[in-house]
Amino acid sequence: MKDVCVITGGGSGMGLAAAKYMSKEKRIIISGRTLSKLENGVKELQALGYEAYAKICDTSKRESVKELAAFAASKGEIKNMINCAGLSPAMSKPETILRVNALGTVYVNQEFSKLMHPGSVIIDIASNSGYMLPVFLANKKIYALADKDERLFIKKLMRLGSFMKDHYKRAGLAYSYSKNFVIWYAAKCAFEYGKRGIRVASLSPGLVATDMGNLEETKDGGSLIRYTAEERMGTPEELGYAIASLADERNGYLAGVDILCDGGSVHGKQEFKKHKGLGGL
Ligand SMILES: NC(=O)c1ccc[n+]([C@@H]2O[C@H](COP(=O)([O-])OP(=O)(O)OC[C@H]3O[C@@H](n4cnc5c(N)ncnc54)[C@H](OP(=O)(O)O)[C@@H]3O)[C@@H](O)[C@H]2O)c1
């Protein structure tokens, strides 16, 4: 049986870029909600010599994630799950952002881990926005509800942003929450699934020139570029390589942590560039 690598949000951006750094010995399954995007991605991968498949999946729906996991298992042993699916503040409303980014991660990790074996890997893509959330707002008691009572989990997170009038700022707060949650949840899963030999870690990109990143760059996201070490956005290829190497089974001791791959923007903003007339936190 061949090994299988599944990438949610794999029809574009960092997910598709990561697929191109995976081993050609593996069957690659890219998924998302838009078939035309996935079909184009599959063509690109096949032209590079990959055995690739497209499978529609909306990660905010558990049944859809279950179908993706069953499809992947029918193609071989699932070795890598790379969860790149996500929506940003300029793309959607707060509740949808929380459902896709946060609950989507819960469904993907839970449903895939049931079918994964020792030596397999789950990588959840978070964001440097998860680091921008003030520590006192990152309420782990609320995060713990995601496994037990998802209706209350969404309700409580929505309430935290309800005082904001500006739609984009509200969506931005929901995005930060969703990604701070992903970092926490991936670490939690690492300790749960680690007992079964499944490695879990997360990776937080900074602003990257994908469809999403280019859209956010025209909004508030662009303000972070000046805090990076080289004062530029990342490329999908740079992030694709970082994600693929984190997902590589040979990186077996990298578990339960978040890899901040943001060109230095978080540390630049917090410490190294804050005194250069740019303002601090
Ligand atoms: N680009 C940045 O600056 C940046 C920075 C930090 C973190 N990130 C994170 O990196 C990840 C990859 O984003 P990207 O930059 O590569 O942008 P992208 O090209 O827009 O990729 C996001 C992918 O997610 C898919 N998607 C959205 N909602 C989905 C859903 N409900 N179910 C399944 N798939 C869904 C989209 O396809 P469909 O619309 O066809 O479903 C799309 O292919 C995201 O999690 C994002 O939050 C991005």
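Residues numbered from 1 in each chain as written. Predicted model: local features only at pLDDT ≥ 70, side-chain atom pairs only at ≥ 80, totals over all residues. Heavy atoms only, no water.

The next point concerns the pattern of salt bridges. Tallied over the entire structure, the rule returns 16 salt bridges. One salt bridge connects Arg27 with Glu51, and the closest N-O pair in it is separated by 2.6 Å. Taken together, the residues span a long stretch of sequence, with Arg27 in strand β2 (residues 27–32) and Glu51 in strand β3 (residues 51–56) at a distance of 24 residues. Between Glu231 and Lys273 there is a salt bridge, and its shortest N-O distance comes to 2.6 Å. Here Lys273 lies in the segment after α11 (265–272) and Glu231 lies in the loop between α9 (211–217) and α10 (236–247), a separation of 42 residues in the sequence. Look at Lys273 and you get buried, because its relative accessible area is 10%. Ionic contacts of the salt-bridge type, sharing partners, join the residues Lys2, Arg27 and Glu51 into one network. (Salt bridge = Lys/Arg side-chain N within 4 Å of Asp/Glu carboxyl O. Helix = DSSP H or I, 4+ residues; strand = E, 2+ residues; numbered from the N terminus. Buried < 20%, exposed > 50% of the residue type's maximum accessible area, 1.4 Å probe, protein only.)

Bringing the site of the ligand into the picture now. The environment of the ligand is made up of 29 residues, and the closest members are Ser12, Arg33, Thr34, Tyr175 and Thr210. With respect to the ligand, the side chain of Thr34 contributes an N or O atom lying 2.4 Å from an oxygen atom. The separation between an oxygen atom of the ligand and a polar side-chain atom of Lys179 is 2.9 Å. Protein burial of the ligand: of its 870 Å² of free accessible surface, 96% is covered by the chains. Each residue belonging to the shell around the ligand can be placed in one class, and the counts come to 14 nonpolar, 11 polar and 4 charged. (Near = heavy atom within 4 Å. Polar contact = N/O pair within 3.5 Å; in protein donor to acceptor, adjacent residues only side chain to side chain. Areas by Shrake-Rupley, 256 points an atom, 1.4 Å probe, with all protein chains shown as cover. Nonpolar A, V, L, I, M, F, W, Y, C, P; charged D, E, K, R; others polar.)

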